[in-house]
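# Fold and contact review
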Amino acid sequence: MTRPARMVVVGDVITDVVAVLSGPLAAGSDTGAEISIGGGGQAANTAAWVAAQRVDVTLVGAVGDDDAGRDRVAELERAGVDCAIERVEGVATGTVIVLATDDERTMVSQRGANLRLTGAHVEQALAAVPDAGHLHLSAYTLLDAGSRDAGLRALAAARERGLTTSVDAASAAPLRRVGAAAFLSWVRDVDLLLVNADEATVLAGGLDPAAQGRALSATARRVVVKRGGAGAVWVDRTAAVRVAAARRVAVVDVTGAGDAFAAGLLTAWLAGATPAAALSRATDLGALAVSTVGARPQP
């Protein structure tokens with residue numbers, strides 16, 4: 001395998017307030033939790049995990065001109081991420097409250113400055129990295145009308161520059177709101193589409209994972225269906241199917257596990273790994289992510 005060219009990741013930069021609950025949420029009362037505050041956002045997390053694999057990575061996103069935004073950028077730079085971040089005056093940096101249990105997490109989101117990411121900023125950021133070989137887009141950018149132009153421009157500009165592309169479908173609820181047909185039209189012919197089980201059901205119906213992947217491969221050249229503790233499935237247009245089992249580890253916090261999985265998959269695949277080897281690396285990083293609190297690699 002060879003070292004991949006620079007990866008450009010486009011999408012959210014967020015402050016995560018993570019509460020790992022001690023038991024079921026007691027609605028209207030008190031529930032004990034371990035609470036931490038730190039960096040989050042699907043794109044930012046993925047970029048941090050990519051940097052941890054010693055692959056050059058540039059993150060393109062937006063934060064507010066506030067302390068939270070400055071903190072988020074500083075911690076990403078310390079992690080080795082090159083930041084092409086637009087600072088938006090008068091708008092807060094995005095924040096997510098994450099309620100985490102052993103095997104699930106529920107998020108309450110304030111998208112903040114992420115909604116103000118512009119196509120012009122994406123164009124400028126891509127022009128500044130002529131060594132880039134791949135663009136990875138968090139679909140949150142597409143799923144919000146305010147940032148959709150930036151997401152569409154990112155994919156178009158990547159194709160114009162000859163970059164390979166990937167998209168993480170992001171979240172089932174906003175996918176339902178925009179509709180499967182619209183979303184699939186936006187990501188048509190990307191090189192790799194990542195979906196979890198819920199997202200795959202929204203986009204391809206209640207089929208088995210391999211059948212969902214085959215259905216979605218009419219849109220994307222390659223599809224990976226992430227199944228959490230049940231592993232993952234890779235499908236491409238040659239009808240090849242690869243299945244990887246999940247690593248068995250004690251689950252502490254599932255926040256960011258999909259982002260770590262994406263980073264492992266992409267860095268291995270772009271280095272020339274086979275689908276089976278790329279899935280294996282992805283599941284290794286996903287297991288590492290769920291074994292610690294927070295969405296980023298531990299220093």
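Just so it is clear, the model here is predicted, and its values are computed rather than measured.

## Re the pattern of salt bridges
Side chains bearing opposite charge may pair, as long as their charged atoms lie close to each other. Tallied over the full model, the rule gives 15 salt bridges. With a shortest N-O distance of 2.5 Å, aspartate 144 and arginine 111 are connected by a salt bridge. In this pair, aspartate 144 is assigned in the loop between α4 (140-143) and α5 (145-160) and arginine 111 in the loop between β7 (105-110) and α3 (119-127), connecting sequence segments 33 residues apart. Between glutamate 123 and arginine 153 there is a salt bridge, with the nearest N and O atoms lying 2.3 Å from each other. Of this pair, glutamate 123 sits in helix α3 while arginine 153 sits in helix α5, and the two are 30 residues apart along the sequence. According to the relative accessible area criterion, glutamate 123 is partly exposed, its value standing at 24%. Shared partners join several salt bridges into a network, and the residues in it are Glu123, Arg153, Glu160 and Arg161.

## Points about the packing of helix α1 (residues 42-52) against helix α10 (residues 257-270)
Between α1 and α10, the least distance of the axes is 8 Å, while the angle of their chain directions is 50°. Comparing their axes, α10 and α1 come out oblique. Along this stretch, α1 crosses α10, giving a crossing that reads as right-handed. Where α1 approaches α10, its residues Gln42, Asn45, Thr46, Trp49 and Val50 are matched on the opposing element by Asp259, Ala260, Ala262, Ala263 and Thr267.

## Some remarks on the sheet that holds strand β2 (residues 14-21)
The strand order β3-β2-β6-β7 describes an open sheet built from four strands, whose pairing is mixed. Edge strands, defined here as strands with exactly one partner in the open sheet, are β3 (33-40) and β7. Within this sheet the neighbouring strands show an average axis-to-axis angle of 20°, counted without direction. Across seven bridges, the pairing between β2 and strand β6 (residues 94-100) is parallel. Within β6, the residue paired with alanine 19 across the bridge is leucine 99. Packed onto the sheet, helix α2 (residues 67-78) meets β2 and β3 and runs at close to 80° relative to β3.

## Focus on the nonpolar core
Inside soluble globular proteins, nonpolar side chains tend to come together where they are buried. Membership of the largest hydrophobic core comes to 48 residues, with the highest contact counts inside it found for Val10, Leu135, Val167, Phe183 and Val195. Residues contacting valine 10, with those up to four places away along its chain left out, are Ala43, Val60, Leu117, Val122, Leu135, His136, Leu137, Ser138, Thr141 and Ala154. With 39 residues, the next largest nonpolar core counts Val81, Ala232, Ala262 and Ala278 among its residues.

## Details of the packing of aromatic side chains
Under the definition given, this model contains one aromatic pair. Ring geometry for tryptophan 234 and tryptophan 269: centres 6.5 Å apart, planes at 65°, overall edge-to-face. Placement of the pair is tryptophan 234 in strand β12 (residues 232-236) and tryptophan 269 in helix α10, with a sequence separation of 35 residues. Both residues of the pair, tryptophan 234 and tryptophan 269, count as buried.

Quick notes on the rules
- Residues numbered from 1 in each chain as written.
- Predicted model: local features only at pLDDT ≥ 70, side-chain atom pairs only at ≥ 80, totals over all residues.
- Heavy atoms only, no water.
- Salt bridge = Lys/Arg side-chain N within 4 Å of Asp/Glu carboxyl O.
- Helix = DSSP H or I, 4+ residues; strand = E, 2+ residues; numbered from the N terminus.
- Buried < 20%, exposed > 50% of the residue type's maximum accessible area, 1.4 Å probe, protein only.
- Axes fitted to C-alpha atoms, helices over the stretch in contact; angles between N-to-C directions.
- Parallel < 35°, antiparallel > 145°, perpendicular 65-115°, else oblique.
- Left-handed = near helix turned anticlockwise from the far one by under 90°.
- Contact = heavy atoms within 4.5 Å.
- Pairing = 2+ DSSP bridges.
- Core = buried A, V, L, I, M, F, W, Y, C linked by side-chain atoms within 4.5 Å.
- Phe/Tyr/Trp six-rings, centres within 6.5 Å; stacked < 30°, edge-to-face > 60°.

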